Structure formats: C-alpha cells, structure tokens
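Survey of secondary and tertiary structure
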Amino acid sequence: FRQAVVAALVEIHEATKRIADASGTFERRTYLCPRDYIAFIEAFVAVVNERRSLVEDEQLHINAGLAKLRQTHENVEELKVGLGQKTVSLREKESLANAKLQQMVGDQNIAEKQKQIAEDMGRKVEKQQAEIDLRKAEAQRDLDQAEPALIEAQNSVKSIKKRDLDEVRNLARPPKNVQLTLECIAIMLKSKTEWAEIRKMLSKSDFIPSIINFDANTLSQKQIEVVQKKYMDGNDGLSVESVTRSSKACGPLYKWAESQIKFSAVYNRVQPLREEVEKLEEQAVGAKTEKERIDNEVNDLQEKISQYKSDYATLIRDVEILKDEMDTVKTKVSRAESLLQSLGHESQRWEKSSSNFSNILQCVIGDGLLLGAFLTYTGYFDFKTRGILINTWRDILDSIGIQYRDQLSMVESLSKASDRLGWELLGLPADSLSMENGVILSRCKRYPLVIDPSGAAISFLLNTHKEKKIQKT
C-alpha cells in the first residue's frame, strides 16, 4: 500500500504537469517544479493526519454514546433497588414523627405553666426597678442643677494665666478679697491658711490641675460649713465680681470655690436619698436573681420545645422529601425505560456505525491525496481546468486501487461553515471559485501570487489582515 501511495503522489504530480503544459498559451503558462511536489507531500500528510483525527473523534463520540446507553441500563436497575430502600426508610420516618409529636404535646403544657410564673416575676422586678429609677432621678435632679455652674467654673480656672497667678503669689500684702479667696481655696484643698503657706501652694506646678480635677466627695461637712460661714454667707462683700476686680486670677478661683461648695452641699443633702436607693437596689438583687433563675428555666423549656418542633418539622420534611424522591425515581425509571425502548433502533445504528469506522478510515488516504493535490495545484488554474484536474486525479486513484469518497467536497472538507461565513463578511464573494480560493489562501504554506483584476481579493486580504496594518501600494 505504501508503494501505491508513492505511485499516486508521483502520478498526480505528473498528470497535473501535463495538463498545465497542455492548457498553457504563449502569453501565459504554468510551470511545476520539484518544490511543488514537496509541497504536495506536505499538504497530503497534514490533511491525512487531520482527517484521521476527525474520524477518530467521531468514533470516540459514537462509542461514548453506546457506553452511555449501557450505563443507563445499569442506572435503571440501581434506581429500582434504591426505590425499595426508600420505601423502608419512609415507614421509619413516619413512625419517628408520630412519637416526636406526642412528646412535644406533653412537654408543651409544662412549659406554659413555667412561662406564666416567669412573667409574673418579671412584672415584680420591673416594678422594683421603676421605684429605684424614680429615687435615682430625684437625687440626680438636684445634682444636675448644680453641676453646670461647677463645670463653667472649672473651665474658667483653665483660663487663668500663669503671669496673673505669679503676680498674686508675689504680693507681700494682698488685697483682702484676694486673701480671703485663697484662704477659702486652702481650706478646701486641706492646706494651711497663712499667707506664706498659701504662696507655697500657689507655686506648686499641680495647683491648677488639682483645682480642675478636684473630687467633691472629698469635702467633709466641716469644711463646707467653715467655708460657708466664714467666707461666703458670712462675708457680704465677697463675690465673684469683687474678687475679679482685685485679681484676674482669683476671680475664677472664687467662682470655682463657690460652685464647688454649692455642689457639695447638694451632694450631702441628697445622701440619705442615695442610701435609700442603694438599699432598694440590694433588695432588688434577690428578686432579679430569682427572676433570672426562672428565666433560665423558661429558656431551657423554650429551647426544648423549639427543638421538639424542629425535630418534628425535620421528620415531616424528610417524609415529604422521601415521597418526592420516590415519585422522582419512579418517573426517572419510567422515562429511562421509555427512552431505552425508543433508542433501540438508534443504538443498533450506532453499533453499526462503530463497526464501519474501519471502512471509513480506508478512504482517509485517498481523500488526503485529493485534498492535498487541490491545495497544492488548483490555485494556478481557472475553474474549468480545476474540474478537469480533480476528475483526472480520481481516475488515477481508481487505476491504482486507492479508495476515496465519491461525494468528497473540497471546500466543505477543508473549511468550516463559520469560516466561510466570516470570509463573506470580510468581502470574499460567495461563488464556488472564490470559496475555493479562500480555502487555498487560508491553508497555503508558501506566499501566494494573487492575480485579481476585479480587486475583490485585495479587499478581502486587506480586511483579513487589518490588525497587521498592511498597506496597499
């Protein structure tokens, strides 16, 4: 067979050469050379490999279809076995669902009673908390009235300049208002009230911060009474305005002292009320603890009830799913058996096609010789001569005894429908000769010489290779 193929290659080349010589004229003649013969061999090898791969792929698909049909037969048998197992499982799920329903109903009554107890205790705790909140609000109301003035005074102290404070400290004999104000501050800070000691107090770097961060809770009732009687209530000439006129630094300090004393007085006045609140809160702790215990019991019961409902719902859902699955399996079995019955003839055809692939492969060499010769030689000739060449090549294959397909189409075998549609969109005419030229251009290995009086081929090539930015000269 190898010798026959070699003979066919040589004979096709020689026959083409004879037809080229016979069809040539004085003005135009086609010459064939050994390089064309080598190109013919290369095209033949490439086409044979391509055709063989396509046939083998088709054979693979047919065999896969036959395997799928056999697998379907096996799947139907497995589905029938699974259907019996699902029937047993369905009965078990229905029995469990009924038992869970009885358990849920019994525990629901206990849960409702405990929930009522928890709700009663909750109302009791809420009532106690409302009384506590009311007492706290009474105590906090007076403090909230005094607190803004204290904050304003603290901000005023922040604005005291160091040079103003140094000026006061350097006074050997300060004005009376200044001295009284600083004595008041010294008493509140638990310092001595002699001027020398006051000057030391003023010289400390943390004097202003100690004023700003002062804790009203540290003032004793004795300190408050001393400051009120001796410096504030007992001294009508001492006020924020009078002290400010005497010293810019002492005005804010007096304002702070006055606000702090008022705040502390209010704080001490509401102390009994605060103690009452603390006592009420202690009493409420026991009630809250009991409520939390009951709430925990209720939560546990609610969780159990929820779990019962969830388990029951799951079982019911499983039952419905099993029923749906059984219906689905029955439908699948019915459809699969119907499909297998309807594909019986198709299966026979596939098996016959699978057995005929060896015969199809016998034509691959002959088809490859015709297609390879078409790609190598026909581009030189007109449409009529091309038909003569193809018929001549067929006669050569018949004489040598190489099989080929009688209905072989050069254009359809060497291109896809999508390729041909794309060529038309790029400007290639749809006639047979143009399509053949398109196939040759798409598969040629050498640079083609295009003779194009109409200019259609040039437009097609420019559109095809537009991304390469070729130019027409």
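Residues numbered from 1 in each chain as written. Predicted model: local features only at pLDDT ≥ 70, side-chain atom pairs only at ≥ 80, totals over all residues. Heavy atoms only, no water.

Here we take up the side chain of Thr385. Note on placement: Thr385 falls in helix α13 (residues 383-400). Here Thr385 falls in the buried class, since its relative accessible area comes to 11%. A distance of 2.6 Å separates the side chain of Thr385 from the side chain of Asp382, its partner in a polar contact. (Helix = DSSP H or I, 4+ residues; strand = E, 2+ residues; numbered from the N terminus. Buried < 20%, exposed > 50% of the residue type's maximum accessible area, 1.4 Å probe, protein only. Polar contact = N/O pair within 3.5 Å; in protein donor to acceptor, adjacent residues only side chain to side chain.)

Attention now goes to the confidence of the model for the protein chain. For any part of a model where pLDDT is low, the fine detail of the predicted coordinates should not be relied upon. In this model, the protein chain carries an average pLDDT of 80, and 91% of its residues clear a pLDDT of 70 or more. Here helix α11 (residues 344-362) stands out as the least confident element of the protein chain, with mean pLDDT 68; α13 is the most confident, with 92. (pLDDT = per-residue confidence, 0-100.)

Our next topic: the pattern of salt bridges. A complete count under the given rule lists seven salt bridges for this structure. Among the salt bridges present, the one from Arg18 reaches Glu11, with a minimum N-O distance of 3.4 Å. You can call Glu11 partly exposed: its relative accessible area is 33%. (Salt bridge = Lys/Arg side-chain N within 4 Å of Asp/Glu carboxyl O.)

Once that is clear, we can look at the environment of Ile132. Of note, Ile132 is situated in helix α2 (residues 34-158). Separated by 144 residues in the primary sequence, Ile132 and Glu276 have C-alpha atoms spaced 9.0 Å apart. Those residues within four positions of Ile132 in sequence are excluded, and the remaining contacts are Val277, Leu280, Glu281 and Ala284. (Contact = heavy atoms within 4.5 Å.)

Time to look at a negative patch on the surface. Among the surface-exposed residues, Glu94, Glu320, Asp324 and Asp327 lie close enough to one another that they form a single negatively charged patch. Looking at the negative patch, the element that brings in the most residues is helix α10 (residues 271-342), giving three residues. Owing to a relative accessible area of 45%, Asp324 belongs among the partly exposed residues under this scheme. (Patch = residues over 30% accessible without salt bridge, like charges linked within 9 Å, V, L, I, M, F, W, Y side chains within 5 Å. Areas by Shrake-Rupley, 256 points an atom, 1.4 Å probe, with all protein chains shown as cover. Lys, Arg positive; Asp, Glu negative; His and termini not counted. Charge placed at Lys NZ, Arg CZ, Asp CG, Glu CD.)

Helical periodicity: at 3.6 residues per turn, an α-helix aligns residues three or four positions apart in one direction. Its 14 residues place the ends of helix α12 (residues 364-377) 20 Å apart at the C-alpha level, agreeing with the 20 Å of an ideal helix rising 1.5 Å per residue. With respect to burial, α12 is a largely interior element, 14 of its 14 residues being buried. (Expected span 1.5 Å × (residues − 1).)

Glancing now at the environment of Gln403. With respect to the helices and strands, Gln403 occurs in the loop between α13 and α14 (410-414). When residues no more than four places from it in sequence are discounted, the contact partners of Gln403 are Gln362, Cys363, Gly366 and Asp367.

So, on to the packing of helix α3 (residues 162-169) against helix α5 (residues 195-203). Contact pair α3 / α5: the axes reach a minimum separation of 9 Å and the direction vectors enclose 160°. One finds that α3 runs roughly antiparallel with respect to α5. Our pair here, α3 against α5, has a crossing hand that is left-handed. Together, Leu165, Val168 and Arg169 of α3 and Trp195, Arg199, Leu202 and Ser203 of α5 make up the contact between the two elements. Tallied by class, the residues present in the contact of α3 with α5 amount to four nonpolar, one polar and two charged. (Axes fitted to C-alpha atoms, helices over the stretch in contact; angles between N-to-C directions. Parallel < 35°, antiparallel > 145°, perpendicular 65-115°, else oblique. Left-handed = near helix turned anticlockwise from the far one by under 90°. Nonpolar A, V, L, I, M, F, W, Y, C, P; charged D, E, K, R; others polar.)

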